[in-house]
Amino acid sequence: MTTVRRMRAVALCGAVPLALLMAGCGGGGGDAKPSEAAPAASQPAPASSSATPTDPDAAQKRAVLTAYASMWAEQMKAYKVADATGTDLKRYAALTALSKLRLDLAQMKKSGTRGTGTLGHEPEVTELNTGGKLPTAILQDCIDLSQWKAVRTSGEPVPLPSNQPRRYLATAKAEKWPDGWMITDYTPNEARTC
C-alpha cells in the first residue's frame, strides 16, 4: 500500500477521529447542497494491489475508491468549517455513514471546534460482490492522523488524547446505487494500528 496524504482538513465520518479525538466537537448537520466535484489532487489514488490491470473487477474497485475519496474530500470541507452546507456529501455518503458524519458535525458545532491539517489514507478494496442485485464492497483504510489537527474556533489547538494512535485501521462499506457507488458505513478501529 502507498501512503496517500492528499485529503484536506479534518477527521473522519461519524465516530471517526473527530468524535474519537475531540470528544465533543460540533457542527451543523444540515442537508448538504451540491457543490463542484472534489479536485483530483485531494483524492487518494487507488492502491495498485487492489485494482491491477489483469483484475476483472479493476474498474469497479477504482469506482469504489473514487467514491470513497470523494466522500473524504467533501467531509474535509465540512470539518474545516464544522458545517456540511455547501458540500456534496449526500452524493457520496448515505445511511449510517452520513448519520455518523452529521453527528460529528453537530458535536463540533456544540463544542466550538473545527479541523485543520491533512488526514492520510491508504484505502484498498478488500471485498467486492458484484453478482447480486445490489453490488457491495468493503474497504480497509489506514488512517494517518500525524498531520491532522483540531482547533477551537478561537484558533486554540485541541491536542489529541495521549492514548490515541496516530495510525489505525478503519473499515468502510459501499453499495452501488443507480447513480454510482455510495459509502454507507464507516467504522474506525483504533485498536488495530497500521
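Residues numbered from 1 in each chain as written. Predicted model: local features only at pLDDT ≥ 70, side-chain atom pairs only at ≥ 80, totals over all residues. Heavy atoms only, no water.

Caption draft 1: Structural view of the pattern of salt bridges. Taken as a whole and judged by the stated rule, the model has six salt bridges. For Asp88, the salt bridge goes to Arg91, with nearest N and O atoms at 3.5 Å. Note on Arg91: relative accessible area 48%, which makes it partly exposed. Of the charged contacts, one joins Glu122 and Arg167 as a salt bridge, the two residues approaching to 3.0 Å between their closest N and O atoms. In this pair, Glu122 sits in the loop between strand 2 (113-121) and strand 3 (124-129) while Arg167 sits in strand 7 (residues 167-177), placing the two residues 45 residues apart along the sequence. Overall, the relative accessible area of 8% leaves Glu122 in the buried class. Counted as one network, the salt bridges with shared partners bring together Glu122, Asp144 and Arg167. (Salt bridge = Lys/Arg side-chain N within 4 Å of Asp/Glu carboxyl O. Buried < 20%, exposed > 50% of the residue type's maximum accessible area, 1.4 Å probe, protein only. Helix = DSSP H or I, 4+ residues; strand = E, 2+ residues; numbered from the N terminus.)

Caption draft 2: The arrangement of the environment of His121 in detail. Tracing the sequence through the fold places His121 in strand 2. Remark: the alpha-carbon pair of His121 and Trp72, spanning 49 residues in sequence, is separated by 9.6 Å.

Caption draft 3: How the structure looks around helix 4 (residues 95-111). Between its first and last C-alpha, helix 4 extends 25 Å over 17 residues, near the 24 Å set by a 1.5 Å rise per residue. Residue Gly112 follows helix 4 closely and has a positive phi angle near 70 degrees. (Expected span 1.5 Å × (residues − 1).)

Caption draft 4: Representation of the side chain of Lys61. As for its position among the elements, Lys61 is in helix 2 (residues 58-81). Of the residues examined, Lys61 reaches a relative accessible area of 14% and is grouped as buried. A polar side-chain atom of Lys61 sits 2.7 Å from a polar atom in the side chain of Asp55. (Polar contact = N/O pair within 3.5 Å; in protein donor to acceptor, adjacent residues only side chain to side chain.)

Caption draft 5: Representation of the nonpolar core in the model. Within the largest apolar cluster, 36 residues are counted, with the highest numbers of intra-cluster contacts made by Tyr68, Trp72, Leu139, Ile143 and Ile183. Residue assignment for this core shows that the elements contributing at least two residues are helix 2, helix 3 (89-92), helix 4, strand 4 (136-144), strand 5 (148-152), strand 7 and strand 8 (180-193). Among the elements that take part in this core, helix 2 stands out by supplying nine residues, more than any other. (Core = buried A, V, L, I, M, F, W, Y, C linked by side-chain atoms within 4.5 Å.)

Caption draft 6: Quick look at the confidence of the model for the protein chain. Confidence in the prediction of the protein chain, expressed as mean pLDDT, is 80, and 73% of residues score 70 or more. In the predicted structure, residues 1-49 sits below a pLDDT of 50 and forms 198 contacts with residues beyond four places in sequence or in another chain. (pLDDT = per-residue confidence, 0-100. Contact = heavy atoms within 4.5 Å.)

Caption draft 7: Summary view of the state of the cysteines. Within this structure, the stated rule accounts for one disulfide. With a sulfur-sulfur separation of 1.9 Å, Cys142 is cross-linked through a disulfide to Cys194. Its S-S torsion of approximately 85 degrees makes the covalent link between Cys142 and Cys194 right-handed. In this pair, Cys142 is assigned in strand 4 and Cys194 in the segment after strand 8, connecting sequence segments 52 residues apart. Cys142 sits in the buried class, given a relative accessible area of 3%. (Disulfide = S-S within 2.5 Å.)

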